[in-house]
Amino acid sequence: MAEIRLQKVLAAAGLGSRRKCETYISAGRVTVDGEVVAELGARVDPDVSVIHVDGVRIAQASGHVVVALNKPRGVITAMSDPHGKPCVGDIVADYEQRLFHIGRLDGDTEGLLLLTNDGELAQRLGHPSHEIHKTYLARVQGRVDKATVAKIKTGVLIEDRVVEVSNIVVKDQSADATLLELTIHEGRNRIVRRLFEEVGHPVIDLARTAVGPIKLGHLRPGQTRELTHDELGRLYSAVEL
C-alpha cells in the first residue's frame, strides 16, 4: 500500500477529524514504529507501520476487524457445520470480511466470543505466554462454602496440571445453587466445567463475560458489534502488538 499522511490514518482509525488528529501529532502524542512523530507532513504505510497514540496502538486501515459476539447457548463454535447444526459462522455470515473465531466456547456455554480476520492477533490471544484472562459467571449445584472457594484459589489438579484461577467470588446463593464469578487464563477444553465437577459442584449455567480487556457488556445472545478504537488498542497492547 502507498504511504499516506499520518493524520489521515489516525482519522480513519476513528480518532476524530484530521484537524483534531493533527493536534495529537503536533503535541508529540503519536509514535510510529516506536519513534515520536511530530511533523504534520509525515507519511506512513498503515499496513506495515505500527502506530500508537498515547501509548495505545490504533486500529489501522488494514482491513482487519475484531467482532464481539454474545454466543447463544446451543450454538457451536465453528464457522460451518457439515451436519447443519447452528454455528457462529451463521451469525456473522453478513460481514464482508472472512472472519474466524478466537478460541472457542462449548455448545452449552454462552457469552463473549471474539472473531477476527487478523491471524497474528488471533494467534497471540490464544498463546499461553500472554496469559489472557477470561472471566465467567457460573451457576453451580449446591452451596459452595468458603473452604471450597479457598481450594479453588489455591489450585485444583486436573490431568496432572493445576488450574490457576486468579480470582473467584461468590455473587449469590440459594438453598441448592451458587452463582460465582471467576477469572482464569488457561484454555483447556471445558476447563471451567471440569474444575467445578472436580470440587463436587457441577455447572448448571455458564457464561463468559470478558476476554482480556474486552467485556461482553450489554450484548444480547446472538448480537454482534465491532470493537471500538479504545478496545482494539487495549487488546493489541495485551498481546504486545
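Details of the structure are given in the entry above.
These numbers come from a predicted model, not from an experiment. Residues take numbers from 1 onward in each chain, read along the sequence in its written order. Owing to the predicted nature of the model, reporting of local features is limited to residues with pLDDT of at least 70; listing and counting of side-chain atom pairs is limited to 80 or more, with chain, interface and lining totals taken over all residues. The side-chain numbers reported here are obtained from all heavy atoms of the structure, hydrogens and water having been left aside.

1. Some points on the sheet that holds strand S5 (residues 51–53)
Taken in spatial order, the four strands make up an open sheet running S3-S2-S5-S6, and their pairing is antiparallel. Of all the strands in the sheet, just strand S3 (35–36) and strand S6 (56–57) have a single pairing partner and so form its edges. Two strands pair under a simple rule: DSSP has to find at least two bridges between them. By definition, any uninterrupted DSSP run of H or I lasting at least four residues is a helix, any uninterrupted run of E lasting at least two residues is a strand, and each is numbered from the N terminus.

2. Quick look at a positive patch on the surface
Together, Arg5, Lys8, Arg18 and Arg43 give the surface a local cluster of positive charge. With respect to the helices and strands, the residue Lys8 is situated in helix H1 (residues 6–12). Within this analysis, patches are made of residues with over 30% relative accessible area and no salt bridge. Like charges are joined at 9 Å or less; nonpolar side chains (Val, Leu, Ile, Met, Phe, Trp, Tyr) at 5 Å or less. The accessible surface values rely on the Shrake-Rupley method and a 1.4 Å probe; as for residues, cover is taken only from the protein chains in view. When a carboxyl oxygen of Asp or Glu is within 4 Å of a side-chain nitrogen of Lys or Arg, the pair counts as a salt bridge. Neither His nor the chain termini are counted; the positive set is Lys and Arg, and the negative set is Asp and Glu. Charge coordinates come from a single atom per side chain, which is NZ of Lys, CZ of Arg, CG of Asp or CD of Glu.

3. Topic: the environment of Ala13
By the secondary structure assignment, Ala13 is in the loop between H1 and helix H2 (18–26). Buried, partly exposed and exposed residues are distinguished by accessible area as a fraction of the type maximum, computed with a 1.4 Å probe on protein chains only: under 20%, between the cut-offs, and over 50%, respectively. Take Ala13: its relative accessible area is 12%, and that puts it in the buried class. Along the backbone, Ala13 and Ile58 are 45 residues apart, and their C-alpha atoms lie at a distance of 6.5 Å.

4. Section: the pairing of strand S14 (residues 177–184)
Consecutive side chains of a regular strand alternate in pointing toward one face of the sheet and then the other. Counting buried positions along S14 yields six of eight residues, so the element is predominantly enclosed. Here strand S10 (residues 134–141) runs beside S14; their pairing, made up of eight bridges, is antiparallel. What sits directly across from Ala138, in S14, is Leu180. Bridge count between strand S13 (residues 165–173) and S14: seven bridges; the pairing is antiparallel. Among the inter-strand pairings, Asp172 is bridged to a residue of S14, identified as Leu179. In textbook terms, the turn of a hairpin is the stretch between consecutive antiparallel strands, and for S13 and S14 this stretch comprises three residues.

5. What about the pattern of salt bridges?
In the structure shown here, the tally under the stated rule is 10 salt bridges. Linking Asp205 and Arg73 is a salt bridge whose minimum nitrogen-to-oxygen distance equals 2.7 Å. With a gap of 132 residues between them, Asp205 in strand S15 (residues 203–211) and Arg73 in the loop between strand S7 (66–71) and helix H3 (88–91) connect regions that are remote in the sequence. Glu186 is the partner of Arg188 in a salt bridge, and the nearest nitrogen-oxygen pair spans 2.4 Å. Overlapping salt bridges bring together Arg73, Arg139 and Asp205 as one network.

6. Considering the environment of His64
On the secondary structure map, His64 appears in the loop between S6 and S7. What makes two residues a contact is simply this: any of their non-hydrogen atoms within 4.5 Å. Among all residues touching His64, those that are not within four sequence positions of it are Asn117 and Asp118.

7. Section: the pairing of strand S9 (residues 110–116)
For S9, a buried count of six out of seven residues is recorded, marking the element as mostly surrounded by other parts of the structure. The sheet contact formed by S7 and S9 spans six bridges and is antiparallel. Along S9, the bridge assignment pairs Leu69 with Leu113. Pairing between strand S8 (residues 100–102) and S9: three bridges, direction antiparallel. Each bridged residue has a counterpart across the sheet, and for Phe100 the counterpart in S9 is Thr116. Bridge analysis of S9 against S15 gives two bridges, and the strand direction is parallel.

8. Brief notes about helix H4 (residues 119–126)
Looking at H4, one finds that the buried residues are Leu121, Ala122 and Leu125. Taken down its axis, H4 places every buried residue within 100 degrees of arc, on the same side. Buried-residue contacts for H4 involve S7, S8, S9 and helix H7 (229–238). When we speak of the arc, we mean the arc of directions from the helix axis to the C-beta atoms.

Purely spatial values, then, with no claim about function.
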